[in-house]
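Chain by chain, the residues run as shown.
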Amino acid sequence: MEEATTSQLLRTRREKLEALERKDIVPFSYGFDRTHTSAEALALFEQEEESLSDGQPGSRVRIAGRMVSFRGHGKSSFAHVQDGEGRIQIYLRLNVLGPEPYEHLDLVDLGDWIGVEGTLFRTRTGEVTVQAETWEMLAKSLRPLPLAKEEVDPETGETRVHSGFQDRQSRYRQRYADLAVHDEIRDLFRVRARIVAELRAFLDERGYLEVETPVLQPIYGGAAARPFVTRHNALGTDLYLRIADELYLKRLIVGGLERVYEIGKDFRNEGIDRFHNPEFTMLEFYEAFADYEDMMEVVEALLERVATEATGSATVTFQGDEIAFKPPFRRLPFVEALEGELGAALDDLTDADLRNRAESLGIPDLKGAGRGKLLDKLFDALVQGDLVQPTFVVDYPRELSPLAKPKRGQPKLTERFELFVAGQEVANAFSELNDPLDQRARFEDQVRLAGAGDDESHPIDEDYLQAMEYGMPPTGGVGIGVDRLVMILTDQPTIREVILFPILRPE
RNA sequence: GAGCCGGUAGCUCAGCUGGUAGAGCAACGGACUUUUAAUCCGUAGGUCCUGGGUUCGAUCCCCAGCCGGCUCACCA
């Protein structure tokens, strides 16, 4: 890389760097005593302007940031400096700065970090600006940023972009440049942080304890997915990157931590598309003495609050659909929804009937699929996509839910719900199975499925069963896919837009 | 994994079924002390994704590969 940087643009910047050094100007400084952010400086002048007499300068400020535009006019120049809160214009005059410092502006490029000290004033065109008295180089940029140049059409108000940084691949691979150049991308990730902070605040207020459980696990479980495998050299053993936090969090419930939650990365060794990244952020929370009905209410309150705090409204627009996070959300029993689409009672349909229906819908890969998987596939194909408004699909078949308690009065079903929004699964929850004998039987069913070719079924976790044998209180548990929630709340079409560094094939 | 589309200057893109490339912005030199898409004059900048093939000649056509986008599949 070092030797390949022979392009004219890169060479020019190296030469400027060398010229700075020859003039004993430190190109990479050690700090800068900033007194105001750009936003603070602008606000300050707005506030003090009235009390200033004509021509009297405003307050003295020291601002710092990245130079993102420069307009030289001979003996004076204008530039914009961008910091974490926005941009502010600086005005540089030969007779204010002095000949040498003004000349040295020739060695500044767009993208350089500079610090400026000066007084605030308003230009003829009305922009609050820092009249620079001194400036210093904070960090030289040796590579041109793909800075866009925008013009707002005075008649239509439309913004025309003269150049920019559009290529998705480049944006994701060089997220630093994407962020440096796009205000809206920085804002997006601030909203994401706000969403996560609100999730925490909500749970903290309700007495949930935030915990951390292992990412490296000797046995994976808690979801149906293929894991990543890694190797611990000293132990001489394989470990799995977790596919869910579930089984460890429920061990903590056994231990008497009655409300726990974890926000962390899960890893699933599956395909990548606009709703799936191999590592993704999951929130799971568990509450002793609650059942899935209680958890639906918690989820409703949580989402209404997070949506409101993050976006200003409980109603958001996602890809053209208005989505209202207004409790109560619709409840739709799984079996009822599926029977409605199939036009028959599930009890009247054999596995072969279901398989035929699935095949006629063109659902592939049905080899080794048991009744549970067939039902699930049919649900995905027939029902899921229509669930645009927040909808709790409730009471899933037992075969699909090896960690959920049987439904009271309907033992073929479980007390489980998934929340669908915009046709996508956003949350998954149950009345947690706390009968260790039943749990062992469910695990054994899973092992049989694995034997039949289902490579996503659970292995038996003896330690988890042991924990449950000590006694696990009735518990409600919920998992929420944070990235998908962020997508919906920020109206982003792909999960990659809400993950700072999404997975790409290595270059 | 399959289908379709794409990869050309730092960025955004154009390039006629073939004659070894252009624009805007950015850059460089010059003029300009309140501009804001600054303006004006001038200059430079390319592994046309990679490797083969066809051809007198390939950014263009063919084959293979790499990377990406979209759709589908996979993903309780």
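Just so it is clear, the model here is predicted, and its values are computed rather than measured.

Q: Where do I start with the overall build of chain A in this structure?
A: Within chain A, the secondary structure is distributed over 15 helices and 22 strands. With 507 residues in all, chain A has 49% of them scored as buried. When contacts within chain A are restricted to residue pairs at least 6 apart in sequence, long-range pairs at least 24 apart make up 64% of them. As displayed, chain A offers around 25100 Å² of accessible surface, 49% of which is attributable to carbon and sulfur atoms. Distance from the positive charge centre (61 side chains) to the negative charge centre (92 side chains) of chain A: 4 Å.

Q: Would you take a moment to explain the pairing of strand S19 (residues 410–414) for this structure?
A: Consecutive side chains of a regular strand alternate in pointing toward one face of the sheet and then the other. In this sheet, S19 lies alongside strand S18 (residues 406–407) in antiparallel orientation, the contact comprising two bridges. Pairing of lysine 407 across the sheet is with glutamine 410, part of S19. Connecting S18 to the next strand, S19, in antiparallel fashion are two residues, including glycine 409 with a positive phi near 85°.

Q: What's the story with unusual backbone geometry in this structure? I'm lost.
A: Leaving glycine out, the prevailing phi sign among residues is negative, and the prevailing peptide bond configuration is trans. Residue proline 328 follows proline 327 across a cis peptide bond; omega there is -5°. Tracing the backbone through its elements, the reader meets proline 328 in the loop between strand S15 (321–324) and strand S16 (330–333). Not every positive phi belongs to a glycine, and phenylalanine 289 is a case in point at roughly 70°. Turning to its location among the elements, phenylalanine 289 is positioned in the loop between strand S13 (279–288) and helix H9 (292–311). Overall, the relative accessible area of 54% leaves phenylalanine 289 in the exposed class. Here aspartate 395, not a glycine, exhibits a phi torsion of approximately 65°, which is positive. In this structure, aspartate 395 sits in the loop between strand S17 (391–394) and S18.

Q: I would appreciate a short explanation of the sheet that holds strand S11 (residues 237–241) in the present structure.
A: One key point about sheets: their strands pair by backbone hydrogen bonds, in either a parallel or an antiparallel sense. Taken in spatial order, the three strands line up as S9-S11-S10 in an open sheet, and their pairing is antiparallel. The strands lining the two open edges of the sheet, one partner per strand, are strand S9 (216–217) and strand S10 (229–232). As judged from the two bridges shared by S9 and S11, these two strands associate in the antiparallel manner. Bridging from a neighbouring strand, leucine 216 pairs with leucine 241 of S11.

Q: What's the story with the domain arrangement of chain A in this structure? I'm lost.
A: Quite often, the size of an interface is put as the accessible area lost when its parts meet. For chain A, the assigned domains are domain 1 (2–144) and domain 2 (183–497). Here domain 1 and domain 2 have C-alpha centroids that lie 51 Å from each other.

Q: It is not clear to me how the protein's contact with RNA strand B should be interpreted in this structure. Could you clarify?
A: Contacts to RNA strand B come from 59 residues, most closely from Lys16, Thr125, Gly164, His276 and Arg496. A breakdown of the atoms of RNA strand B within 4 Å of the protein gives sugar and phosphate a share of 57%. One nitrogen or oxygen atom from the side chain of glutamine 89 is found 2.5 Å from a base oxygen belonging to RNA strand B. Between a sugar or linking oxygen of RNA strand B and a side-chain N or O atom of glutamate 418, the distance comes to 2.9 Å. Elements that contribute at least two residues to the surface near RNA strand B include exactly helix H1 (8–22), strand S1 (60–72), strand S2 (76–83), strand S3 (86–93), strand S6 (150–152), helix H5 (168–173), helix H12 (371–382) and strand S20 (416–421). By residue number, the principal contributor to the surface near RNA strand B is H1, which donates four residues.

Q: Is there a simple way to think about the pattern of salt bridges in this case?
A: Pairs can form between side chains of opposite charge once their charged atoms are near each other. What the rule picks out here adds up to 44 salt bridges. Where salt bridges share partners, they join Arg13, Lys16, Asp109, Asp112 and Lys140 into one cluster.

Q: I keep staring at the environment of lysine 326 and nothing clicks. Help me out?
A: Mapped onto the secondary structure, lysine 326 falls in the loop between S15 and S16. Separated by 25 residues in sequence, lysine 326 and aspartate 351 place their C-alpha atoms 38 Å apart. Discounting chain neighbours no more than four positions away, the residues touching lysine 326 are Glu304 and Ala314.

Q: Can you walk me through helix H14 (residues 462–469) in this structure?
A: Each turn of an α-helix holds 3.6 residues, which means side chains three or four residues apart point in the same direction. Taken residue by residue, H14 has Tyr464, Leu465, Ala467 and Met468 as its buried positions. Down the axis of H14, the buried set is contained in an arc of 155°. They therefore lie on one face. At the N-terminal end of H14, a side-chain oxygen is found 3.3 Å from the backbone nitrogen of aspartate 463, two or three residues along, and the residue is aspartate 461. Just beyond H14, the residue with positive phi is glycine 471, at close to 110°.

Q: How do you make sense of the side chain of serine 141 when you look at a structure like this?
A: Within the fold, serine 141 resides in the loop between strand S5 (128–139) and S6. A polar contact of 3.0 Å, which involves the side chain of serine 141, links it to the backbone oxygen of arginine 143. If we ignore the near neighbours within four places in the chain, the residues touching serine 141 are Arg13, Leu110, Gly111 and Asp112.

Q: Would you mind going over a nonpolar patch on the surface with me for this structure?
A: Together, Tyr176, Leu500 and Phe501 make up a nonpolar patch on the protein surface, roughly 340 Å² of accessible area in all. Here leucine 500 shows up in the segment after helix H15 (482–490). Residue class for leucine 500 comes out partly exposed when judged on its relative accessible area of 34%.

Q: Please clarify how the confidence of the model for chain A should be interpreted in this entry.
A: Should pLDDT be low for a region, the predicted coordinates there are not to be read in detail. Averaged over every residue, the pLDDT of chain A is 89; the share at 70 or more is 94%. Mean pLDDT values over the elements of chain A span from 53, in strand S7 (residues 159–161), up to 98, in strand S8 (residues 209–210). Across residues 1–5, confidence stays below pLDDT 50; counting only partners more than four residues off in sequence or on other chains, it has five contacts. Every residue in residues 153–158 scores below 50 in pLDDT, and together they form five contacts with partners more than four places removed in sequence or on other chains. Across the interface, the model reports ipTM at 0.86; the global pTM reads 0.91.

Q: Quick question: what am I supposed to make of the side chain of glutamine 492 here?
A: Considering the arrangement of structural elements, one finds glutamine 492 in the segment after H15. One polar contact links the side chain of glutamine 492 to the main-chain carbonyl oxygen of threonine 490, over a distance of 3.3 Å. In contact with glutamine 492, other than residues within four places in its own chain, are Leu188, Phe318, Gln319, Met487, Glu497 and Val498.

Q: Please explain the sheet that holds S3 as it appears in this structure.
A: If you trace the five strands once around the closed barrel, you get S1-S2-S3-S5-S4, paired in mixed fashion. Sheet twist, expressed as the average angle between the axes of neighbouring strands with direction ignored, equals 55°. Looking at chain direction, S1 and strand S4 (residues 113–122) are connected through seven bridges and run antiparallel. Bridging across to S4, alanine 64 finds its partner in glycine 115. Packing against the sheet, helix H2 (residues 38–48) makes contact with S1, S2, S3, S4 and S5, and its axis sits at approximately 10° to S4.

Cut-off values and rules
Residues numbered from 1 in each chain as written. Chains lettered and ligands numbered in written order. Predicted model: local features only at pLDDT ≥ 70, side-chain atom pairs only at ≥ 80, totals over all residues. Heavy atoms only, no water. Helix = DSSP H or I, 4+ residues; strand = E, 2+ residues; numbered from the N terminus. Buried < 20%, exposed > 50% of the residue type's maximum accessible area, 1.4 Å probe, protein only. Contact = heavy atoms within 4.5 Å. Areas by Shrake-Rupley, 256 points an atom, 1.4 Å probe, with all protein chains shown as cover. Lys, Arg positive; Asp, Glu negative; His and termini not counted. Charge placed at Lys NZ, Arg CZ, Asp CG, Glu CD. Pairing = 2+ DSSP bridges. Domains from an automatic or database assignment. Near = heavy atom within 4 Å. Polar contact = N/O pair within 3.5 Å; in protein donor to acceptor, adjacent residues only side chain to side chain. Salt bridge = Lys/Arg side-chain N within 4 Å of Asp/Glu carboxyl O. Arc of directions from axis to C-beta. Patch = residues over 30% accessible without salt bridge, like charges linked within 9 Å, V, L, I, M, F, W, Y side chains within 5 Å. pLDDT = per-residue confidence, 0-100. Axes fitted to C-alpha atoms, helices over the stretch in contact; angles between N-to-C directions.

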